[in-house]
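Spelled out from the first residue to the last, the chains are:
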Amino acid sequence: KISSQMADSIILPIKLSGAMLATTICEVITHPLDVLKTKKQIRMEKLKLSTGLPTNSTVSYISTDGFNGLYRGFAPSFLKGLQNSMMKFGLFDILNTYTKKKLNLDSNTSASSILAKTGSAFVASFASSLFGNPWDVIKVRMISDVDGNYGTLWSSIKNIYSKYGLRELLKGSSLSISKSVIVNTIDLTVYDTFKNIFKREELDYDARAYFMASIISSLTIAVVAYPLDLMKTLYMKEKNITDKNERPMDLKTVAKMLKGQVKEKGIRGMYLGFVPFLTKSLIYGPLFWNSFEIFSHQIKKVTNF
């Protein structure tokens, strides 16, 4: 059996490896839903896509863009997911462990412990989201591309740089950071808290507890974060210079558009394209956390601590 000091030195790499594996699995499986969600968002005025279930939108989209179109923008989405999980888990684990030791917090479900988790998650989320915005911009441009200017990751970077400069990669960063901080803070805090509430002490690995905690976390994220995701997508989308009737998507225009949707349809106006987003969240969250927990559990068994 290895020493506790040695265990502390390898537990973080184990978590990071688990997060990378879980991210890879989730991105491959759920990216088509992200494409459908983004397509609905950027065409909300023209209503070219079905507003029903994801299956209806899938049929409509494949008929025009082909099956490969469901994986447009996968490269930046995948790279953002890897970077986000590495930074989020690394910083959160370091900060949360340090805070609990410093404040001598033993319980994982006490008010002080939950507050410490939330603070650690907020800082880790803010740091990870600072570096994630360029990938978001590239992903939205690749998914919304109609002229073939954003066919690959490299051509997208070159096209954005030649047309607008590197500053364009920071477009919508305030919305992106706000959304990422909300999503990651909720995810880390809610999941970790409910996992400890549901986990049965007699079980070393409790799949039921992990699943229930991830469902609660995913539902909370979907409801709270979607309006910001909608605004972010509309703002990051490139203006079609061949369409003289299309308005440039500055923040004022986006806010005005959404205000009109809310006035016409009520709160539903802020949730156009929500079903694919919710579906992805309910698949991604449980799949990510359970893959992560399985990997971490197996590694701990191998290393015997």
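Please refer to the structure placed before this passage.
Notes on the overall build of the chain
Helix and strand content of the chain: 10 helices and 0 strands. Written out in order from the N terminus, the α and β elements of the chain read α-α-α-α-α-α-α-α-α-α. Sorting the 305 residues of the chain into buried and exposed places 49% on the buried side. Sequence separation of at least 24 residues holds for 75% of the intrachain contacts in the chain that already meet a minimum separation of 6. Carbon and sulfur atoms make up 64% of the accessible area of the chain, which totals about 15200 Å².

With respect to the pattern of salt bridges
Scanning the entire structure with this criterion turns up 13 salt bridges. Residue Lys37 pairs with Asp229 through a salt bridge whose shortest N-O separation is 2.8 Å. Linking Lys37 in helix 1 (residues 4–42) with Asp229 in helix 8 (residues 207–236), this pair joins segments that are 192 residues apart in sequence. Each of the two residues, Lys37 as well as Asp229, counts as buried. Close ionic contact of Asp229 with Lys179 constitutes a salt bridge, the shortest N to O distance being 2.8 Å.

As for a nonpolar patch on the surface
Among the surface-exposed residues, Val28, Ile29, Phe67, Tyr71 and Ile283 lie close enough to one another that they form a single nonpolar patch of about 440 Å² accessible area. Assignment of secondary structure puts Phe67 in the loop between helix 2 (54–65) and helix 3 (74–103). Residue classification places Phe67 among the exposed positions, given a relative accessible area of 54%.

Cut-offs and rules
- Residues numbered from 1 in each chain as written.
- Predicted model: local features only at pLDDT ≥ 70, side-chain atom pairs only at ≥ 80, totals over all residues.
- Heavy atoms only, no water.
- Helix = DSSP H or I, 4+ residues; strand = E, 2+ residues; numbered from the N terminus.
- Buried < 20%, exposed > 50% of the residue type's maximum accessible area, 1.4 Å probe, protein only.
- Contact = heavy atoms within 4.5 Å.
- Areas by Shrake-Rupley, 256 points an atom, 1.4 Å probe, with all protein chains shown as cover.
- Salt bridge = Lys/Arg side-chain N within 4 Å of Asp/Glu carboxyl O.
- Patch = residues over 30% accessible without salt bridge, like charges linked within 9 Å, V, L, I, M, F, W, Y side chains within 5 Å.

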